[in-house]
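# Structural characterization, general
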There are 6 protein chains.
Amino acid sequence: MEISVSRKTHFNAAHRLNVAHWSEEKNKTFFGPCNNANYHGHNYDLIVTVTGEIDLETGYLIDMKYLKDIVKEDVEDRFDHKNLNLDVEDFKTLNPTAENIAIVIWQLLRKRLENKLKLKVILYETERNFVEYNGN
Amino acid sequence: MEISVSRKTHFNAAHRLNVAHWSEEKNKTFFGPCNNANYHGHNYDLIVTVTGEIDLETGYLIDMKYLKDIVKEDVEDRFDHKNLNLDVEDFKTLNPTAENIAIVIWQLLRKRLENKLKLKVILYETERNFVEYNGN
Amino acid sequence: MEISVSRKTHFNAAHRLNVAHWSEEKNKTFFGPCNNANYHGHNYDLIVTVTGEIDLETGYLIDMKYLKDIVKEDVEDRFDHKNLNLDVEDFKTLNPTAENIAIVIWQLLRKRLENKLKLKVILYETERNFVEYNGN
Amino acid sequence: MEISVSRKTHFNAAHRLNVAHWSEEKNKTFFGPCNNANYHGHNYDLIVTVTGEIDLETGYLIDMKYLKDIVKEDVEDRFDHKNLNLDVEDFKTLNPTAENIAIVIWQLLRKRLENKLKLKVILYETERNFVEYNGN
Amino acid sequence: MEISVSRKTHFNAAHRLNVAHWSEEKNKTFFGPCNNANYHGHNYDLIVTVTGEIDLETGYLIDMKYLKDIVKEDVEDRFDHKNLNLDVEDFKTLNPTAENIAIVIWQLLRKRLENKLKLKVILYETERNFVEYNGN
Amino acid sequence: MEISVSRKTHFNAAHRLNVAHWSEEKNKTFFGPCNNANYHGHNYDLIVTVTGEIDLETGYLIDMKYLKDIVKEDVEDRFDHKNLNLDVEDFKTLNPTAENIAIVIWQLLRKRLENKLKLKVILYETERNFVEYNGN
C-alpha cells in the first residue's frame, strides 16, 4: 500500500533574477521587474511530499517530526530571512528562479531520505505562481 | 529535468446546466437548482500547469508572462463577466459543466503552447468542487 | 462581558448591475462589464456576526445552530442558485450591488434576532472585493 | 477523454495515536504529544477525487450530488463529532494516523463507485500535514 | 498614532460541551453532537491583536517576537494536543465553548501586556465558526 | 446608511529592518534576522477599506474601479518588485516595519479620497503577521 505524506512550511527571502553572463540590457528585457538590481522578495510556501509503503505496525509512512526537522535544517535555516543571491551558496552562480529553488530544495532533501521513498516538492513563489519537481 | 510551472487565475461568469434535446422536466430533475432557467453564477478559479524541460541558461521552464498573457487572451477575455451559455461561442451547444469548461480551456491553451510542453488545467467551480483535465 | 460570534456561509448567484431609469449607454459606461445584459455570477461568501452578552450558564452567546438555520432560511434558500435580478423579490427594483445585497441580508436577519443582539454582515463578492454593514 | 472531479468536505474528530501492544513508555516516546491519553482533535479536510470518462451527453463525469451523498453517509456521519479511537469501529484496533484514516475512507468509498472509476483521497489533518492515497 | 498588530497561531485540542449540573438528557438536547461523551476535536486558529501607540524610533508597536513567545507560553503550551475538559485547569468547571476559550485566552494574555495596550482575540473553532472578545 | 467597501491587493518587495542612528550590534540584537544586511522579502497582502454613505441611486459607496486604480498607482506601482529601503523614497529614513508601511500607504491613499470617506488599511506581511491603521 503506497501512500503520500506532505508537510507544508514557509520561508521569507529576497532575490533577483539575473543571468550572470548576459548584458544588463538583456537581463532587464528578459526578466522585467524581477531583474531589479536592488532585489525584491517573497513569502515562499513549500510543500514536501514523500511517497512509499506505510509501516503497518505504526500506521506511519514517515515520522512527520523527522520530516519537519530536515526541512527546518536543510531549507528554513538556509533560506529564511536571507537574500538568495547573496547569502545562499547554491545561488552564487545559479539563477534563483522558482524552478531552480525547487530543484535545489529537492536535491538537499533527497540526501536525507531513504532510497525507497519517493520525493516531490511544490514551491509557491506567490499563491498565483508555483512549481513542482519530483526528480524525474 | 522535467518540471511543472503553474499559474492561478480567475473569472466570474453566469451559467446554467441544460441538455438542449432533453425535456424541461428531465433537465430539472437531473441538474436540480443548477438548471435554473435564469442562470446562477460562480467565481471560477483556474490553475494552468505546464510541464517540460527547464532551460538551463535562464532557469525558466516557460516565461510566466507569456503564460499569463495567453490565459488572459484565451480564457479571461472570453469568459470573464460573461454568461457562458449565451455569450460564449463554445457553449452554444455544449453544456457548460465544470468538466466541459475545463476541456474547452485546455483545447484553447493547447494551441498556444509548443508540442513538447504538457498541459493540465484545474478548474474550481467553488472551493468545494473542482475538475482536472490533462488531455489524456 | 460582550462577545461576538460569527458564522461563515456561501451562495452562488447570477446578477447584473443596472439602474432601471438610466439609459443603456449610461449603465454600460458606469458599470462596465458588470452591466452585461446576459448577467455574470459569483460565489458569494457571507459572514454573519452577532454581538451581545454571553450566557454564563451555557457559555453560549447564541445557539450556532439557530444562527445557521436562519441564515439558511433567509439567505441561502432565497439567493442560492438564483438570478438576483430576476428571481429575488428584493432586487426587482434595487440594483444588486454588493452593498445593496449586504443591506438586504442585514435587514432580513435583523428581524430574526432579539433586539439586545447587535448584527453585522460581511459579504464577499470575490475574495478581493467585499463589503461590511452593521445597520448604523 | 479522462477527467477528474473532486469534492472537498470536512469533519471534526478527536483521536490519539497509540499502538495497542506497545508499552505506555514506547508509545509516548514514539508518538509524543499525539499520544496524549485524553485525546486531542482536528478539523479534518477531505478531498475525494474520482477519475474516468466524461459522459458526452450530460457533460458530467459523475453526479456531484451522488458523490456528496456517499461522502456524507460513509464518512461524515461516521466520523464527524466523534472520537475516532472510541466511537468508530474501524479504529478499534487500527491506529488512527492520517495515513490509516485516509486508507479507511478510500476503502469505504471504493465500494460505492463503479469499477471503471478511479478513486483518490487527500486527507488534511491540519493545513500543514496531509496524506494522499489512491489504492495502488 | 494608534495602530493594531496581529499574530495568527493555532493549536489542536479535543473538547466536549457539557454543563455539569444539567442532566445527561438536557445536555444532549442542548449541545447535540458537540456533547459526545467521548469528545471530538478541532484545529483552533487564534488571532491575537494588540492596539496602541507606535514607537516612533523603532517603528514597532510591540516586538512580534515577544507577542509570539507569550502566546506560545500561555496558550499553545497549555492547550495544544490537550483535552480541554480533562487536561486544562481553566475548563475543569467552565464549559469549553469557543466563547469561553476566547475569554480565558484573553484573560491569560491580558496579564502579560502593559496596561496602555488594548487586547482583542479572535478564535476560529472551524473556518466557518469563530468568536471575538476584547474585554469590554 | 454607512457601509464599508474593501479591496484586497498585493505586492512583492524586499526590505530590512534597521534604525539608522543605532549601532550595527544594537540593530542586530533588536531586529534579529529581519536586520539581515542583504535584505529578505515578502508577498505583502493589502486590504484597503473605505467607509461612508451609500449612493442610493447607484447602490455604490465608491466605484471599485477608482479604488483599484488609486491602489495601483499609489501603492503597487511604487512598492511592487522593489527594495523598500533602497528604491522607495518614503523609507529612505523611515524603518520599513509593517506598521510604518501601513501608515505610509494610508497617508498616500488618504489624499486621493473625499474627506467624507473614512479610510482603513490592513497590511499582511505574512499570513501570520499583520497590522491595521485607520488614522486615528
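Residues numbered from 1 in each chain as written. Chains lettered and ligands numbered in written order. Predicted model: local features only at pLDDT ≥ 70, side-chain atom pairs only at ≥ 80, totals over all residues. Heavy atoms only, no water.

### Thoughts on the overall build of chain A
So the rule is basically this: In DSSP terms, a helix is any run of H or I states spanning at least four residues, a strand is any run of E spanning at least two, and both are numbered starting from the N terminus. Exposure classes here rest on a 1.4 Å probe applied to the protein chains alone. A residue is buried below 20% of its type maximum, exposed above 50%, and partly exposed in between. Between two residues, a contact is recorded if the distance between any of their heavy atoms is within 4.5 Å. Exposure was quantified through the Shrake-Rupley algorithm and a 1.4 Å probe, taking into account, for residues, occlusion by the shown protein chains and nothing else. Only four residue types enter the tally: Lys and Arg on the positive side, Asp and Glu on the negative side; His and the chain ends are excluded. A single reference atom marks each charge: NZ on Lys, CZ on Arg, CG on Asp, CD on Glu.
The secondary structure content of chain A amounts to four helices and five strands. Tracing chain A from N to C terminus, the helices and strands come up as β-α-β-α-β-α-α-β-β. Its C-alpha atoms give chain A principal-axis dimensions of roughly 60 × 25 × 25 Å. Counting only residues that meet the buried cut, chain A has 59% of its 136 residues in that class. Contacts spanning at least 24 positions in sequence make up 67% of the contacts within chain A whose residues lie at least 6 apart. Summed over all atoms, the accessible surface of chain A reaches about 5900 Å², with 48% contributed by carbon and sulfur. The centroid of the 18 positive side-chain charges in chain A is displaced by 2 Å from the centroid of its 22 negative side-chain charges.

### Considering the pattern of salt bridges
The cut-off we apply is this: By definition here, a salt bridge exists when the distance from a side-chain nitrogen of Lys or Arg to a carboxyl oxygen of Asp or Glu is within 4 Å.
Taken as a whole and judged by the stated rule, the model has 60 salt bridges over all chains. In this structure, K116 of chain B and E114 of chain B form a salt bridge, with 3.8 Å as the shortest nitrogen-oxygen distance. Overlapping salt bridges, with partners in common, bring together E73, D74 and R112 of chain A in one network.

### Concerning the relation of the copies chain F and chain A
Test applied: Copy-to-copy superposition: least squares on the C-alpha atoms, limited to residues that have pLDDT of at least 70 in both copies.
Superposing chain F onto chain A takes a rotation of 180° plus a shift of 0.0 Å along the axis, which leaves an RMSD of 0.0 Å. On this basis, the relationship between the two copies can be described by a two-fold rotation axis. By residue overlap, the copies meet face to face through one surface: 100% of the interface positions of chain F are interface positions in chain A.

### Some remarks on the arrangement of the chains
At the level of C-alpha atoms, the two units chain A and chain C stay apart, their nearest approach being 13 Å. Taking C-alpha atoms as the reference, chain B and chain F come no closer than 14 Å and do not contact one another.

### Describing the packing of helix α2 (residues 64–79) of chain E against helix α4 (residues 98–110) of chain E
Residues and elements named next belong to chain E. Counted only if it meets this: Whenever a helix is involved, its axis is fitted only over the stretch in contact; in every case the axis is a line through C-alpha atoms, and angles between N-to-C directions fall within 0 to 180 degrees. Throughout this description, any angle smaller than 35 degrees is read as roughly parallel, any larger than 145 degrees as roughly antiparallel, any in the 65 to 115 degree range as roughly perpendicular, and the remainder as oblique. Working rule for handedness: look at the near helix, and if it is turned counterclockwise from the far one by less than a right angle, call the crossing left-handed; if clockwise, right-handed.
In the contact formed by α2 and α4, the axes pass within 10 Å of each other and the chain directions differ by 140°. By the angle between their axes, α2 is oblique relative to α4. Between α2 and α4 lies a crossing whose hand is right-handed. Here I70, V71, D74, V75, R78 and F79 of α2 come into contact with α4, specifically with I101, V104, I105, L108 and L109.

### With respect to the interface of chain F and chain A
Cut-off, in case you're wondering: Using a 1.4 Å probe, buried area is obtained as the accessible area two parts lose upon being combined, added over both of them. Polar contact is defined as a pair of N or O atoms within 3.5 Å, subject to the rule that within protein one atom must be able to donate a hydrogen and the other to accept it, and that residues adjacent in sequence are counted only when both atoms are side-chain atoms. Any residue outside Ala, Val, Leu, Ile, Met, Phe, Trp, Tyr, Cys, Pro, Asp, Glu, Lys and Arg is labelled polar, Gly included; the first ten of those are nonpolar and the last four are charged.
Contacts between the two partners involve 23 residues from chain F and, on the opposite side, 23 residues from chain A. The contact between chain F and chain A buries some 1700 Å² in all, and 45% of this surface belongs to carbon and sulfur atoms. It is N38, N43 and H81 of chain F in chain F that bury the most area against chain A; as a group they hold 32% of the surface buried on that side. At the junction of chain F with chain A, the criterion picks out zero salt bridges. Where chain F packs against chain A, one counts 19 residue pairs in polar contact (both at pLDDT 80 or more). Elements with a contribution of two residues or more to the side of chain F that touches chain A: β1 (2–15), β2 (40–53), β3 (82–83) and α3 (84–87) of chain F. Considering every element that reaches the side of chain F that touches chain A, the biggest residue donor is β2 of chain F, with five residues. Residue composition of the side of chain F that touches chain A, grouped by class: six nonpolar, eleven polar and six charged.

### Remarks on the relation of the copies chain E and chain C
Under the fitted operation, chain E is carried onto chain C by 0.0 Å of movement along the axis and a turn of 120°, and the coordinates agree to an RMSD of 0.0 Å. Here the symmetry operator amounts to a three-fold rotation axis. By C-alpha distance to the rotation axis, the residue of chain E lying nearest is E127 of chain E, at 8.5 Å.

### As for the interface of chain E and chain C
Bring the parts together and some accessible area is lost; that lost area is often taken as the interface size. The criterion, for reference: At least two DSSP bridges between two strands are needed for those strands to be called paired.
The partner chain C presents 17 residues to the 19 residues of chain E that form the contact. Both faces considered, chain E and chain C share a buried interface measuring about 1700 Å² in area, 56% of it formed by carbon and sulfur atoms. Summed over the three residues of chain E that lose the most area to chain C, namely E99, R128 and F130 of chain E, the buried surface amounts to 31% of that side. For the pair chain E and chain C, the number of links is zero salt bridges. Applying the counting rule to chain E against chain C returns ten residue pairs in polar contact (both at pLDDT 80 or more). Put simply, the parts of the chain that give the side of chain E that touches chain C at least two residues each are α1 (24–31), α4 and β5 (129–133) of chain E. Of the residues belonging to the side of chain E that touches chain C, the class tally is nine nonpolar, six polar and four charged. With five bridges connecting them, strand β1 (residues 2–15) of chain C and β5 of chain E associate as antiparallel partners. Counterpart to S4 of chain C in the pairing with β5 of chain E is E132 of chain E.

### Focus: the environment of E125 of chain D
Within the secondary structure, E125 of chain D sits in the loop between β4 (118–124) and β5 (129–133). For the pair E125 of chain D and L84 of chain D, spaced 41 residues apart in sequence, the C-alpha separation works out to 13 Å. What E125 of chain D contacts, discounting residues up to four positions off in sequence, is H15, H42, N43, Y44 and A98 of chain D together with N43 of chain E.

### Looking at unusual backbone geometry
The backbone of Y39 of chain D sits at a positive phi, close to 75°, despite the residue not being glycine. Mapped onto the elements, Y39 of chain D comes out in the loop between α1 (24–31) and β2 (40–53).

### Notes on the confidence of the model for chain A
Note the cut-off: The predictor's confidence in any single residue is recorded as pLDDT, a number from 0 to 100.
Per-residue pLDDT for chain A has a mean of 97; in total, 100% of the residues score no lower than 70. Interface confidence for the predicted complex, expressed as ipTM, amounts to 0.95; the pTM equals 0.97.

### Quick look at the packing of aromatic side chains
For clarity, the cut-off: Paired rings are identified among Phe, Tyr and Trp, the last through its six-membered ring, by centres lying within 6.5 Å, and are further divided according to the angle between planes into stacked (under 30 degrees), edge-to-face (over 60) and tilted (the rest). In our convention, an over-ring charge means Lys NZ or Arg CZ found within 6 Å of a ring centre and within 35 degrees of that ring's normal.
For the coordinates displayed, the defined rule picks out 60 aromatic pairs over all chains. With a centroid separation of 6.0 Å and 25° between ring planes, the pair formed by W22 of chain B and F31 of chain B is classed as stacked. Among the aromatic residues, ring-to-ring pairing joins F11, Y44, F79 and F91 of chain A into one connected group. Of note, K26 of chain B hangs over the ring of W22 of chain B, and the distance from its end group to the ring centre comes to 4.2 Å.

### Here's the deal with the side chain of R110 of chain C
Residues and elements named next belong to chain C. Within the secondary structure layout, R110 lies in helix α4 (residues 98–110). For R110, which is buried and forms no salt bridge, the nearest opposite charge comes from E114, at a distance of 8.8 Å. Within the structure, the side chain of R110 is placed 3.0 Å from the backbone oxygen of E114, a separation counted as a polar contact. Apart from the residues lying within four places of it in its own chain, the contact partners of R110 are N115, L117, K118 and L119.

### Notes on helix α2 (residues 64–79) of chain F
Note the cut-off: Between the first and last residue of a helix there are one fewer steps than residues, each counted as 1.5 Å, and that sum is the expected span. Bend at a given residue is defined as the angle between two axes, one fitted to the seven residues that end at that position and one fitted to the seven that begin there.
Here α2 of chain F is 16 residues long and its end C-alpha atoms lie 21 Å apart, about the 22 Å a rise of 1.5 Å per residue gives. The sharpest bend along α2 of chain F measures roughly 40° and falls at K72 of chain F. Contacts made by the buried residues of α2 of chain F are with β5 (129–133) of chain C together with β1, β2, β3, α3 and α4 (98–110) of chain F. Near the N-terminus of α2 of chain F, the side chain that reaches the backbone nitrogen of K65 of chain F, with its oxygen 2.9 Å away, is that of D63 of chain F.

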